[in-house]
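# Survey of secondary and tertiary structure
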Amino acid sequence: AKLRVGLLFGGRSGEHEVSIVSGRAIARALAEESNAAQYETIPFYIDKEGCWHSPEVSRQVLDSGEALAVQGISAAALWQFPPETASIDVWFPILHGPNGEDGTIQGLLSLMRVPFVGSGVLGSAVGMDKLMMKTAFAEAGLAQVNYVGVTRSQIWSNPCVFPTLCDDIEAQLGNYPYFVKPANLGSSVGISKARSRAELETALDNAASYDRRIIVEAGVTAREVECAVLGNDRAQASVVGEISFNSDFYDYETKYTDGRANLAIPAELPAEVAERLREMAIRAFLAVDAAGLSRVDFFYVEATGEVLINEINTLPGFTALSMYPQLWAASGVSFPQLVDRLIRLALERHGEGL
Ligand code: ADP
Ligand code: MG
Ligand code: MG
């Protein structure tokens, strides 16, 4: 019998629309000849309120590519899963950002005791939180920018301590610019570049409206290069790719407006640098306890040859045009093969009792 693959897409996240496009690409790959003989796809769309939809409704969303318009629903409805969820052999969550990439869905799937693609609760949660991620990277000896962790309550609760907080940040990071980020988001949502004390104050206030945990980083001028990792404990790294763009930094608009960003695969880099990046990508993957897949992003300071790790994304964009599958295509693994490999890795990891 064919394995029933539960494809989870959409999600209560700012990256809802991207997830629909990723879901479509994966559903198409599962329908390719080599995969169709082994797998049957049962899609489950999670709407922007977090409500799960039946495979019929979910197929319509996949076909149209359009998010469902939802009115507010009661919390109880969140837990009324479609009955078809009971028959799934392996889950493929392709949810980006909060409530999908952060360990929450992974906790639910772990409780179901059914294998699922990608990282477990720990790897997902550590990989999502930029402060915990950086703590794990530091422990693994990976070079990164200087940073300071701040909480929303430090920013908002007492106006008298705010100048002291900014003084402390400046004392630790030195010269501007800084990057101020909510710790648990993606797609550059809530991130600003601060070039002065006044901009730092505005940026902190803005980031605090997205998350309780905030990170302030020293800004670097560097090329942005990325590496894809595939595997479990013995993971492999792809060729390295580069993103280039004309905007000030790789912000939300640049990420999602056609033609704003360019991917170069493989990146034009000295072989020694590419090799170092690949080795660092695997170390980062293991440092956060990731599994299955991750895209690891770096800053390459050409003038000094220095490579700094920026972040890991445990459920990276997975559309036909996304960096992750393109890096594997350039490394000899086609999109449909990649989807097959990920499902096999999920089964393998589950078989080890994880
Ligand atoms: P996200 O998880 O939302 O992608 P990132 O930490 O990758 O957040 O930041 C988004 C973008 O902001 C990066 O791709 C880069 O262009 C810019 N950026 C982030 N941090 C720094 C930094 N410390 N120095 C220079 N640019 C940065
Ligand atoms: Mg990210
Ligand atoms: Mg990023």
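Now for a description of the structure that goes with this document. (Residues numbered from 1 in each chain as written. Chains lettered and ligands numbered in written order. Predicted model: local features only at pLDDT ≥ 70, side-chain atom pairs only at ≥ 80, totals over all residues. Heavy atoms only, no water.)

## Quick notes on the overall build of the protein
- Broken down by element type, the protein carries 13 helices and twelve strands.
- Its C-alpha atoms give the protein a radius of gyration of 20 Å, within 12% of the compact-globule value 20 Å for 354 residues.
- Taken along the three principal axes of its C-alpha coordinates, the protein extends 65 × 50 × 40 Å.
- Per-residue burial over the protein gives 53% buried out of 354 residues.
- Sequence-distant contacts in the protein: of pairs separated by 6 or more residues, those separated by 24 or more amount to 69%.
- In the structure as shown, the protein presents an accessible area of about 15,600 Å², 51% of it carried by carbon and sulfur atoms. (Helix = DSSP H or I, 4+ residues; strand = E, 2+ residues; numbered from the N terminus. Rg over C-alpha atoms; globule rule 2.2 N^0.38 Å. Buried < 20%, exposed > 50% of the residue type's maximum accessible area, 1.4 Å probe, protein only. Contact = heavy atoms within 4.5 Å. Areas by Shrake-Rupley, 256 points an atom, 1.4 Å probe, with all protein chains shown as cover.)

## Topic: the nonpolar core
- Ile 26, Phe 92, Phe 318, Val 339, Leu 342 and Ile 343 are the most contacted members of the largest nonpolar core, which has 36 residues in total.
- Among the elements that make up this core, the one with the highest residue count is helix α13 (residues 335-351) (seven residues).
- With 28 residues, the next largest nonpolar core counts Val 126, Val 229, Ala 235 and Ala 274 among its residues. (Core = buried A, V, L, I, M, F, W, Y, C linked by side-chain atoms within 4.5 Å.)

## A word on the sheet that holds strand β12 (residues 306-313)
- Strand order in this open sheet of five strands is β10-β9-β8-β11-β12, and the pairing throughout is antiparallel. Each edge of the open sheet carries a strand with a single partner, namely β10 (261-264) and β12. With direction set aside, neighbouring strand axes in the sheet form an average angle of 30°.
- Relative to strand β11 (residues 292-301), strand β8 (residues 223-231) runs antiparallel, the two sharing nine bridges. In the sheet register, Val 225 faces β11, and the bridge partner there is Phe 298.
- This element, helix α11 (residues 271-287), spans β8, β9 (236-245), β11 and β12 of the sheet and lies at about 135° to β11. (Pairing = 2+ DSSP bridges. Axes fitted to C-alpha atoms, helices over the stretch in contact; angles between N-to-C directions.)

## Details of the side chain of Asn 313
- Here Asn 313 shows up in strand β12.
- In this structure the side chain of Asn 313 is engaged in a polar contact, spanning 3.2 Å, whose partner is the side chain of Glu 311.
- Apart from the residues lying within four places of it in its own chain, the contact partners of Asn 313 are Glu 101, Ser 294, Arg 295 and Asp 297. (Polar contact = N/O pair within 3.5 Å; in protein donor to acceptor, adjacent residues only side chain to side chain.)

## Topic: the pattern of salt bridges
- Scanning the entire structure with this criterion turns up 21 salt bridges.
- Ionic pairing is found between Glu 311 and Lys 130, a salt bridge with its closest N-O pair at 3.0 Å. With Glu 311 in strand β12 and Lys 130 in helix α6 (residues 130-139), this pair connects stretches of sequence that are 181 residues apart. Across the pair, Lys 130 and Glu 311 agree in class, each one buried.
- Among the salt bridges present, the one from Glu 302 reaches Arg 223, with a minimum N-O distance of 3.1 Å. Highlighted residues: Glu 302 in the loop between β11 and β12 and Arg 223 in strand β8, separated in sequence by 79 residues.
- Taking relative accessible area as the criterion, Arg 223 reaches 19% and is therefore assigned buried. (Salt bridge = Lys/Arg side-chain N within 4 Å of Asp/Glu carboxyl O.)

## Here's the deal with the site of ligand 1
- Lys 130, Lys 181, Ser 188, Glu 224 and Lys 255 are the nearest of the 19 residues found near ligand 1.
- Ser 187 is positioned with one of its backbone polar atoms (N or O) 3.2 Å from an oxygen atom of ligand 1.
- Separating an oxygen atom of ligand 1 from a backbone N or O atom of Ser 188 is a distance of 2.6 Å.
- In the complex, 96% of the free accessible area of ligand 1, which totals 550 Å², lies under the protein chains.
- Contributions of two or more residues to the shell around ligand 1 are made by β5 (178-182), β7 (213-218) and β12.
- Each residue belonging to the shell around ligand 1 can be placed in one class, and the counts come to eight nonpolar, five polar and six charged. (Near = heavy atom within 4 Å. Nonpolar A, V, L, I, M, F, W, Y, C, P; charged D, E, K, R; others polar.)

## Focus: the environment of Lys 134
- Examined against the element boundaries, Lys 134 turns out to sit in helix α6.
- Sequence separation of Lys 134 and Tyr 147 is 13 residues, and the distance between their C-alpha atoms is 9.0 Å.

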